[in-house]
Structure formats: C-alpha cells, structure tokens
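Structure at a glance
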Amino acid sequence: MNILFMGTPEFSVPCLQALIDAGHKIVGVFTQPDKPKGRGNVMTPPPVKQLALEKGIKVFQPLKMKNEETMDIVRELDPELIVVVAFGRILPASILDYPKRGCINIHASLLPKYRGAGPIQWCVINGEKETGITTMMMDVGLDTGDMLLKEKTPIGENETAEELHDRLSAIGASLIVKTLDELDSIVPTKQDDSLSTYAPMLSKELSAIDWNKSATEVHNLVRGLNSWPMATSSIDGKTYKIHNTRIASGKGEPGEIISLSPLVVACGEGAVEIVNIQREGKKKMPAADFLRGYKLNIGDKFE
C-alpha cells in the first residue's frame, strides 16, 4: 500500500520501520522542523526524519498544514493511506479527506480514555493499572475517530512513563501492521464520548512534589514525570530531581526524612523510598551514592 507517514519523535520510529519491513511503500514522510538541541544549540533533525533519510524516503517539514502548498505536496505524493503517529500537528479536513483509504492514527491509550497529548504520562500519574494502544480512523476531532484495533498491557508498579513509552512504541509498531493487514475486514467502532477523559500536555508546573499527598500519589507523580519534566523537591534551598521512588513503610511529618538507609521520606499518608536523585547541576545517582557526598539527616524536611 502507498502510505504517507506523519510522525516526529522517537515514539514514531518503530512504527515507520515496521511499515517498511512489512513491504508497504512509504511515498513520503511529514515531520516537524529541525530544532536546536544540546548546549551548542545544534540544529537536530527529528528521529523520524533521520530514519526516513537513511531509507531514502522523501521528507517534508511543512510549517503549516492548512495551506495550498502543503496540500499540493499531498496531491503529488498521492497516498492511498496516511498513517499518523505522534506527529504533533492538527490535520485539516482537506488532508484527512484526501486518501481513498483514509487516515489512521496510533494513539497511546485505550480510547476513549486519555485523549490528548499526554496519555502515557497521565495514565501513570493517575495510577492506572493498565493501558495500551488504539488504532483509529482520524476525523476533525481530537482523538475522537472510530476505533479499529486495541492492544492492552499492564503498567508495572514501579514502571516509569519513559519505560512505558518505549513498550507502547513497540506495541504500536506491531499493531499498525496488523491493522493494515486486516483493514478490509475490521468493522470500526464508534467511541463512547461519555467515557472520554483528557490527557493534556505536561508542563514544568506539575513538577513540585506535594508531600502532603499520599505515598501512592507521590510515587505515581514521580513515575509519570520521568523523564520529563521530572518531579522535584527542595531542601536547604537546593532543588533536587527525584527520578525513581518505591512505596515504603514508616510515618512522619510530610516531607520529613525518616530513614537514611535507605533514603525514606514521609508523606501525608505512608512514605516513599527515594531510589535515584539528582542535585541541580549534577548527575543522577542512586540515593546511597548521593548520601556519601551530601549530608542529610533524619528529621530534615523536603519542601
């Protein structure tokens, strides 16, 4: 099948590779513009662009989707189907309506739950026990199109959003191939809007840990914000990124260090063990190694 692929980040790469491996002809790739990265602000192409160029596929990086120039590219490529995976742009009706087989999106949740830009992270933050991938026909709404196939997966007790991201990316790659193989026989299912929830894009405003919350809520926040924007907390005027935690036992005032071996902090209900921590301007390290270099005491409080 002649496919126009639209995607940008690392999450999209296995899906593009899987379509290539399955023998589909990728007539072109749409991705977002290169962006400055690192301390030197070096202009860096998106991961999808890197793979496409390696495979000799034409790459397009339109600044706007709703204009004649972009539409002319779509007409020239003349795809039978458009596959969209974390592209990061809204497609106008003119593009959605062009391919005769429609536009299929891979969404990283079990729709209609967690529509929006941050489904993986919010599933973890909200303490969901399972999530998955949904393939769906796209329409002009936000993740509201008819569903095609789903695949569920459990979320581990200590699994971070980054770890879940990588697993879901692989699941999405296999599911899109299966979806295309079975496309003629799949009966699309309409979403029940009354069951929908929204997963907005993350921001750094979410980072500060509220130690008055329960240990489970704190633990889920730490997992959900890993690897961006990261959960943070301060002590003695210094800010720390908390990379990984585990549910622990113990009581104390919210934010109070109640053990140093391991490093355990009391919450409003219960406590969490800090497994990996990073002082501002320094590298991430295991809490035991951190405590060899930085003096903390039982009774000190994170804020």
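See the structure shown above.
To start, this report covers the structure provided alongside it. (Residues numbered from 1 in each chain as written. Predicted model: local features only at pLDDT ≥ 70, side-chain atom pairs only at ≥ 80, totals over all residues. Heavy atoms only, no water.)

What about the overall build of the protein?
If you tally the helices and strands in the protein, you get 8 helices and 15 strands. Taken along the three principal axes of its C-alpha coordinates, the protein extends 65 × 45 × 30 Å. Taking all 303 residues of the protein together, 48% fall into the buried category. The contacts of the protein with a sequence gap of at least 6 include a subset with a gap of at least 24, amounting to 64%. Carbon and sulfur atoms form 50% of the exposed surface of the protein, whose accessible area is close to 15000 Å². On the protein, the mean spot of the 35 positive side-chain charges and the mean spot of the 39 negative ones are 4 Å from each other. (Helix = DSSP H or I, 4+ residues; strand = E, 2+ residues; numbered from the N terminus. Buried < 20%, exposed > 50% of the residue type's maximum accessible area, 1.4 Å probe, protein only. Contact = heavy atoms within 4.5 Å. Areas by Shrake-Rupley, 256 points an atom, 1.4 Å probe, with all protein chains shown as cover. Lys, Arg positive; Asp, Glu negative; His and termini not counted. Charge placed at Lys NZ, Arg CZ, Asp CG, Glu CD.)

Comments concerning the side chain of Thr-70
Relative to the helices and strands, Thr-70 is located in helix H3 (residues 68–77). Contact partners of Thr-70, with chain neighbours within four places excluded, come to Phe-30, Pro-62, Lys-64, Met-65 and Ile-95.

A short note on the pattern of salt bridges
Pairs can form between side chains of opposite charge whenever their charged atoms are close. Taken as a whole, this structure holds 11 salt bridges when the rule is applied. Here Lys-152 ties to Glu-130 by a salt bridge, and the two come within 3.9 Å at their closest N and O atoms. With Lys-152 in strand S9 (residues 147–154) and Glu-130 in strand S8 (residues 130–137), the pair connects residues that are 22 residues apart, well separated along the chain. Members of the salt-bridge network, linked through shared partners, are Glu-68, Asp-72 and Arg-75. (Salt bridge = Lys/Arg side-chain N within 4 Å of Asp/Glu carboxyl O.)

Looking at the sheet that holds S9
The strands making up a sheet associate through backbone hydrogen bonding, with each pair oriented either parallel or antiparallel. In space, the 7 strands of this open sheet follow the order S5-S2-S1-S6-S7-S8-S9, with mixed pairing throughout. One side of each edge strand has no neighbouring strand; the edge strands of this open sheet are strand S5 (59–60) and S9. Of the pairings in the sheet, the one linking strand S6 (residues 81–85) to strand S7 (residues 103–107) comprises 3 bridges and is parallel in character. Note that in S7 the partner of Val-84 across the bridge is Asn-105. Each of strand S1 (2–7), S6, S7, S8 and S9 is contacted by helix H6 (residues 161–181), which is oriented at about 145° to S9, the strand it contacts most. (Pairing = 2+ DSSP bridges. Axes fitted to C-alpha atoms, helices over the stretch in contact; angles between N-to-C directions.)

Describing the environment of Glu-130
Taking relative accessible area as the criterion, Glu-130 reaches 39% and is therefore assigned partly exposed. Sequence separation between Glu-130 and Thr-153 is 23 residues; the distance between their C-alpha atoms is 5.6 Å.

Digging into the nonpolar core
Among the nonpolar cores identified, the biggest contains 65 residues, and Phe-5 and Phe-302 are the most heavily contacted of them. The contacts of Phe-5, once residues within four sequence positions are left out, are Ser-12, Cys-15, Leu-16, Leu-19, Ile-26, Gly-28, Val-29, Phe-30, Val-48, Val-83 and Val-85. Of all hydrophobic cores here, the second largest spans 16 residues; its members include Val-27, Phe-87, Leu-96 and Cys-103. (Core = buried A, V, L, I, M, F, W, Y, C linked by side-chain atoms within 4.5 Å.)

Things to note about the environment of Gly-252
Tracing the backbone through its elements, the reader meets Gly-252 in the loop between strand S11 (238–248) and strand S12 (257–260). When its relative accessible area of 34% is taken as the criterion, Gly-252 is described as partly exposed. Residues in contact with Gly-252, not counting those within four places in the same chain, are Ile-258, Ala-266 and Cys-267.

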